[in-house]
Amino acid sequence: GPLPHPVEQLHAALGLDSFDLVGWSYGGAVAMEAALKNPSLVRSLILYEPAVWEVLSANSPEEKEALEDRSKIFGPAVAANNAGNAVQATRLLLEGVFYLPHGGFDREPEAAQTIWLDNSRTTPLLFAASPTAITCDTLKNFSRPTLVLGGEKSSATWRLINDAFSKCIPGARKVILHNVNHDA
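None of these values were measured; they are calculated from a predicted model.

Peer 1: Describe the packing of aromatic side chains, naming the residues involved and giving the relevant values.
Peer 2: Enumeration according to the criterion identifies five aromatic pairs in this entry. Arranged with centres 6.0 Å apart and planes meeting at 40 degrees, the rings of Phe98 and Trp116 form a pair that is tilted. With Phe98 in the loop between helix H4 (86–97) and helix H5 (110–118) and Trp116 in helix H5, the pair connects residues that are 18 residues apart, well separated along the chain. A residue is classified by how much of its surface remains accessible, and Phe98, at 13% relative accessible area, is buried. Centre to centre, the rings of Phe105 and Trp116 are 5.8 Å apart; their planes meet at 45 degrees, and the pair counts as tilted. In this pair, Phe105 is assigned in the loop between H4 and H5 and Trp116 in helix H5, connecting sequence segments eleven residues apart.

Okay, here's the thing in C-alpha cells:
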C-alpha cells in the first residue's frame, strides 16, 4: 500500500491524539496538505507564508501580480536550474527568497551555506515538483484553528497568498509580524 505521510508517521511515533502543526514556506504547503488529509490529527495549524500559489484565483489580478513578483524572486534560480547548475540555482534561490543582494549568499554564515549546498542536489526536484492540489475551494471546509503569519517586509507573492489563505479558511486569523520578511 501507499506509504504514510510523514506527519502520520510523526503522529504514530509520538502517540498523541492531536498536535499543533507549524509550517513555513514550502513546509507550509506540506503542513497544509497533511492537515487537509488528516484534520483530526491537527489541534491547530500555524502557517508562515505557505508556498501555495494555487490558492490564488486563476487569471485574477492577484495571481498576475504574484506571478510577476515570483518571476523576479525565482527567475534567476530557475534559469540556473534549467542550465543544469543545481549549486548556482540553490545560491540564487536563497538570495531571491531571503531578499539577499547579488552575491549575498556568500555573506551568510558558513554553517548555513554548507547545509544549503550539501542539499543542492534536491533543488532540481523542488523546481520539478507538481503543483499542490490546495485551492481556496479545498480550504473552505477546513475547520481547525488556523493562524496565518506574514512579514511586513515580505514581497507581494507572500502577502497575496496569505490574504487568500486567511479568506479561504473559515475563522483563520492573520497576523503581520513587523520588520521581518519571508526569512523571518
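Here the narrative resumes, following the displayed structure.
Peer 1: Can you lay out H4 for me, pointing to particular residues and giving the numbers?
Peer 2: Its twelve residues give H4 an end-to-end C-alpha distance of 16 Å, which sits within 8% of 16 Å, the value for a rise of 1.5 Å per residue. Within H4, ten of the twelve residues are buried, which leaves it mostly tucked inside the rest of the structure. The set of residues buried in H4 consists of Ala86, Ala89, Thr90, Arg91, Leu92, Leu93, Leu94, Glu95, Gly96 and Val97. Looking at the packing, one finds that the buried side of H4 touches helix H3 (61–82), H5 and helix H6 (123–128). One or two steps after H4, the chain reaches Tyr99, where phi turns positive at roughly 60 degrees.

Peer 1: Can you break down the environment of Leu149 residue by residue, with the values?
Peer 2: Along the chain, the position of Leu149 falls in strand E3 (residues 146–151). The exposure class of Leu149 is buried, given its relative accessible area of 16%. Separated by 120 residues in sequence, Leu149 and Ala29 have C-alpha atoms that sit 14 Å apart. If we ignore the near neighbours within four places in the chain, the residues touching Leu149 are Ile46, Leu47, Tyr48, Glu49, Asn162 and Val175.

Peer 1: Outline the sheet that holds strand E1 (residues 19–24), supporting the account with residue identities and numerical values.
Peer 2: Spatial ordering of the open sheet is given by E1-E2-E3-E4, a layout of four strands whose pairing is parallel. Only two strands of the sheet have a single neighbouring strand rather than two, namely E1 and strand E4 (173–177). On average, adjacent strands in this sheet sit at an angle of 20 degrees to one another, irrespective of strand direction. Bridge analysis of E1 against strand E2 (residues 42–48) gives six bridges, and the strand direction is parallel. Residue pairing for E2: Leu21 is matched across the bridge by Leu45. Across the sheet, helix H8 (residues 156–168) lies against E2, E3 and E4, angled at about 165 degrees from E3, the strand it touches most.

Rules behind the numbers
Residues numbered from 1 in each chain as written. Predicted model: local features only at pLDDT ≥ 70, side-chain atom pairs only at ≥ 80, totals over all residues. Heavy atoms only, no water. Phe/Tyr/Trp six-rings, centres within 6.5 Å; stacked < 30°, edge-to-face > 60°. Helix = DSSP H or I, 4+ residues; strand = E, 2+ residues; numbered from the N terminus. Buried < 20%, exposed > 50% of the residue type's maximum accessible area, 1.4 Å probe, protein only. Expected span 1.5 Å × (residues − 1). Contact = heavy atoms within 4.5 Å. Pairing = 2+ DSSP bridges. Axes fitted to C-alpha atoms, helices over the stretch in contact; angles between N-to-C directions.

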